[in-house]
Amino acid sequence: NLADKLLSFWLLCLLASPVSAAVVSVVKRVIIVAAAALWFGTSISALHAFGVATAAAGVGLYQLAPSAAKARDSELDEEGQPLVAS
């Protein structure tokens, strides 16, 4: 448990923002659930697998959101109006 806390603190120091820390926390929990299921030989129902997949997809989409927002904003002028090709 001490090693887990030290590793978590070390990773937190490396991350640039609290949002990144939250994303890493979610990924860590998904990995822990999957590893525990494998370790203890627990069968995972379709609903559990769907939940894990949804969490993983949510984290992935969250990582893509800033770049999509930046691309969208680059297509707008100062007033927020779409740029028109002349």
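What counts, and where the lines are drawn
Residues numbered from 1 in each chain as written. Predicted model: local features only at pLDDT ≥ 70, side-chain atom pairs only at ≥ 80, totals over all residues. Heavy atoms only, no water. Helix = DSSP H or I, 4+ residues; strand = E, 2+ residues; numbered from the N terminus. Areas by Shrake-Rupley, 256 points an atom, 1.4 Å probe, with all protein chains shown as cover. Salt bridge = Lys/Arg side-chain N within 4 Å of Asp/Glu carboxyl O. Buried < 20%, exposed > 50% of the residue type's maximum accessible area, 1.4 Å probe, protein only. Patch = residues over 30% accessible without salt bridge, like charges linked within 9 Å, V, L, I, M, F, W, Y side chains within 5 Å.

**Q** Outline the overall build of the protein, supporting the account with residue identities and numerical values.
**A** When you go through the protein residue by residue, the secondary structure sums to three helices and zero strands. Its helices and strands taken in sequence order, the protein reads α-α-α from the N to the C terminus. When the accessible surface of the protein is split by element, carbon and sulfur atoms take 71% of a total near 7,200 Å².

**Q** Talk me through the pattern of salt bridges; I want residue IDs and the actual numbers.
**A** Scanning the model with the defined rule gives one salt bridge in all. One salt bridge connects Asp-4 with Lys-28, and the closest N-O pair in it is separated by 3.9 Å. One end of the pair, Asp-4, is in helix H1 (residues 2–14); the other, Lys-28, is in helix H2 (residues 18–40), and 24 residues separate them in sequence. Residue classification places Asp-4 among the partly exposed positions, given a relative accessible area of 33%.

**Q** Run through a nonpolar patch on the surface, naming residues and quoting values.
**A** Among the surface-exposed residues, Leu-7, Trp-10, Leu-11, Leu-14 and Val-24 lie close enough to one another that they form a single nonpolar patch of about 470 Å² accessible area. If one sorts the elements of the nonpolar patch by residue count, H1 sits on top with four residues. Mapped onto the secondary structure, Leu-14 falls in helix H1.

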